[in-house]
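Read off the chains here:
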Amino acid sequence: CHSSGLRRKKMWAPCSISALSKQEYGSIDIDKHDDVESSGISTDIQTFGNNTIDRFKIMSLVKIFSFVALFSLAISLTANISTENRNVVYPMGSVIPAQSRVKIIFFGDSLMDVAFRFALREKIQSQFPYYLLDIINAGAGGNKIANLLARVHKDVVSKNPDIVLMYWDSDVSDQPVEDLEQYSLQQQYKADVNEVITIIRNTTRRFAVAGPGILGEGPLFQFDFFGKNRLLDKFREFNRNISASNGVLYIDVRKALRDSIPSMWMLNRWYCSSDGEHPNQRGTQIMAEQFGMALNLFLNVQ
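Residues numbered from 1 in each chain as written. Predicted model: local features only at pLDDT ≥ 70, side-chain atom pairs only at ≥ 80, totals over all residues. Heavy atoms only, no water.

Participant: How should I be thinking about the pattern of salt bridges in this particular structure?
Facilitator: Close approach of charged atoms lets side chains of opposite charge pair. Counted under the stated rule, the structure contains 10 salt bridges. A salt bridge links arginine 240 to glutamate 237; its shortest N-O distance comes to 3.3 Å. On the criterion of helical spacing, the pair formed by arginine 240 and glutamate 237 is a turn pair, its members being 3 residues apart in helix H9 (residues 228-245). When its relative accessible area of 28% is taken as the criterion, arginine 240 is described as partly exposed. Residue glutamate 237 is classed as partly exposed on the basis of its relative accessible area of 31%. One salt bridge connects aspartate 259 with lysine 255, and the closest N-O pair in it is separated by 2.6 Å. Here lysine 255 and aspartate 259 lie together in helix H10 (residues 253-260), a separation of 4 residues that amounts to about one turn. Taken together, the shared-partner salt bridges connect Asp233, Arg236, Glu237, Arg240, Asp252 and Arg254 into one network. (Salt bridge = Lys/Arg side-chain N within 4 Å of Asp/Glu carboxyl O. Helix = DSSP H or I, 4+ residues; strand = E, 2+ residues; numbered from the N terminus. Buried < 20%, exposed > 50% of the residue type's maximum accessible area, 1.4 Å probe, protein only.)

Below, the structure written as structure tokens:
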């Protein structure tokens, strides 16, 4: 690194770094290079090493103190948000801040109730870790829309929820085809759906309707040999249209479940349902994903 004419001159050039025969991250150890004969150069190297160590120590301390200060500030802000927003009732149409306590009611029939046995609550909570979710299972087996209307004030309105998700299919699944095709029954069904939706919407605008679901998975049901799928589609349109007319979000869980079933699936159960109707683990996951998209809108969009 040194020309013959500059052998004893004090100088630092990039090549003089070769004088560092040992270098460790976090501290620098300096030994004399075999080619370095000048004590002046050795002194410069030692001084450079000491200065480097001092600068490194100073920068390390600055980084540590900065990290501690920022971490403390973050904890303080999070604690304040959590405490201040825990019991706030948010105006309709407003964004709900993170760390807020949010009450969500899952209202419906056995489709809701069974999903909670397959950890629907935990699947929803895992999607929104920055909220304090108070999730209530208000599903009851065999409930038709008339039953939901009879208990909507007790199980929904009186609890003052932030968000309501409603999902059921008992009106179609539990009644014979000939009854479901009656005009009077369909008109009464639509009137009851409209009344339930109106009551809940007056409680909270963060409200979504889903259902009906599926009845069977394999070809006998896919091709509707029993006539129920045609009626499920018809009642789905009732629910969709009434929701739209009231400005309420509709979630097509039925389509999501049916789209998930492989085209060559020959069994009438066990892919996304335990019995052709009620969700199994996979079906509950699909429900959680569909509900999660709606909850994301309610929590984050004005």
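Participant: Would you mind showing me how to read unusual backbone geometry here?
Facilitator: Note on backbone geometry: most residues besides glycine have negative phi, and most peptide bonds are trans. Glycine 211 connects to proline 212 through a cis peptide bond whose omega is 0 degrees. One non-glycine residue with positive phi stands out, namely tryptophan 270, at about 80 degrees. Along the chain, tryptophan 270 turns up in the loop between H10 and helix H11 (281-300). Taking the relative accessible area as the measure of exposure, tryptophan 270 reaches 54% and is therefore exposed.

Participant: Can you help me understand H9 in this one?
Facilitator: Note: α-helices contain 3.6 residues per turn, so residues at a spacing of three or four share the same orientation. The end-to-end C-alpha distance of H9, which contains 18 residues, comes to 26 Å, matching closely the 26 Å that a straight helix rising 1.5 Å per residue would cover. Among all positions of H9, only Lys228, Asn229, Leu231, Leu232, Phe235, Arg236, Phe238, Asn239, Ile242 and Ser243 are buried. Along the axis of H9, the buried residues cluster in a sector spanning 165 degrees; they form a single face. What points out from H9, more than 90 degrees from its buried face, is the exposed set Ala244 and Ser245. (Expected span 1.5 Å × (residues − 1). Arc of directions from axis to C-beta.)

Participant: What exactly am I supposed to notice about helix H2 (residues 110-117) here?
Facilitator: Burial analysis of H2 places 6 of its 8 residues in the buried class, the great majority of the element. Taken together, the buried positions of H2 are occupied by Ser110, Leu111, Met112, Val114, Ala115 and Phe116. Contacts from the buried residues of H2 go to strand E1 (101-108), helix H3 (120-127), strand E2 (132-139), strand E3 (163-167) and H11. Two to three positions downstream of the cap, the backbone nitrogen of leucine 111 sits 3.0 Å from a side-chain oxygen, assigning the N-cap of H2 to aspartate 109. Alanine 119 occupies a position one or two residues after H2 and carries a positive phi of about 65 degrees. (Contact = heavy atoms within 4.5 Å. Polar contact = N/O pair within 3.5 Å; in protein donor to acceptor, adjacent residues only side chain to side chain.)

Participant: For this particular structure, what's the right way to read the nonpolar core?
Facilitator: A general tendency of soluble globular proteins is for nonpolar side chains to be buried together. Judged by nonpolar contacts, the single largest core of 35 residues is most densely connected at Phe106, Ile124, Leu165, Tyr167 and Phe291. Listing elements by their share of this core, those giving two or more residues are E1, H2, H3, E2, E3, strand E4 (207-210), H10 and H11. For this core, the leading source of residues is H11, giving 8 residues. The contacts of phenylalanine 291, once residues within four sequence positions are left out, are Phe106, Met112, Leu120, Ile124, Leu165, Tyr167, Ala210, Ile251 and Val253. One finds Val164, Val193, Ile197 and Leu232 within the second-largest nonpolar core, a separate group that totals 30 residues. (Core = buried A, V, L, I, M, F, W, Y, C linked by side-chain atoms within 4.5 Å.)

Participant: For this particular structure, what's the right way to read the sheet that holds E3?
Facilitator: Strand pairing in a sheet is mediated by backbone hydrogen bonds. Such pairs are either parallel or antiparallel. Taken together, the 5 strands give an open sheet; going across it, the order is E2-E1-E3-E4-E5, and neighbouring strands pair in parallel fashion. Here the strands that pair on one side only, and so sit at the sheet edges, are E2 and strand E5 (249-251). Across the sheet, the mean angle from the axis of one strand to that of its neighbour is 20 degrees, orientation sign disregarded. With 5 bridges connecting them, E1 and E3 associate as parallel partners. Considered in E3, the bridge of phenylalanine 107 is made with methionine 166. Each of E1, E3, E4 and E5 is contacted by H11, which is oriented at about 150 degrees to E3, the strand it contacts most. (Pairing = 2+ DSSP bridges. Axes fitted to C-alpha atoms, helices over the stretch in contact; angles between N-to-C directions.)

Participant: Looking at this structure, I do not really get the confidence of the model for the protein chain. What am I missing?
Facilitator: Note that predicted coordinates carrying low pLDDT should not be read in detail. Residues at a pLDDT of 70 or more form 67% of the protein chain, whose mean pLDDT is 78. Residue range residues 1-45 is modelled with pLDDT below 50. Its contacts to residues more than four positions away, or to other chains, number 38 contacts. Low confidence marks residues 70-92, where pLDDT is under 50. Its contacts with residues over four positions away, or in another chain, come to 25 contacts. (pLDDT = per-residue confidence, 0-100.)

Participant: Just checking my understanding: could you explain the side chain of arginine 254 for this structure?
Facilitator: Within the secondary structure layout, arginine 254 lies in helix H10. For arginine 254, the side chain forms a polar contact with the side chain of asparagine 229, separated by 3.0 Å. If sequence neighbours within four positions are ignored, arginine 254 has contacts with Pro212, Gly213, Ile214, Asn229, Leu232, Asp233 and Arg236.

Participant: Mind showing me how you'd approach the packing of aromatic side chains here?
Facilitator: In this description, an aromatic ring pair is defined by two values, namely the gap between the centres and the angle between the planes. Counted by the stated rule, this structure contains 8 aromatic pairs. Between tyrosine 167 and phenylalanine 291 the ring centres are 6.1 Å apart and the planes differ by 75 degrees, which places this aromatic pair in the edge-to-face class. Of the two residues, tyrosine 167 is situated in strand E3 and phenylalanine 291 in helix H11; the sequence distance between them amounts to 124 residues. What makes tyrosine 167 buried here is its relative accessible area of 2%. Relative accessible area serves as the criterion here: at 0%, phenylalanine 291 is assigned to the buried category. A network of ring pairs unites the aromatic residues Phe106, Phe116, Tyr167 and Phe291 as a single cluster. (Phe/Tyr/Trp six-rings, centres within 6.5 Å; stacked < 30°, edge-to-face > 60°.)

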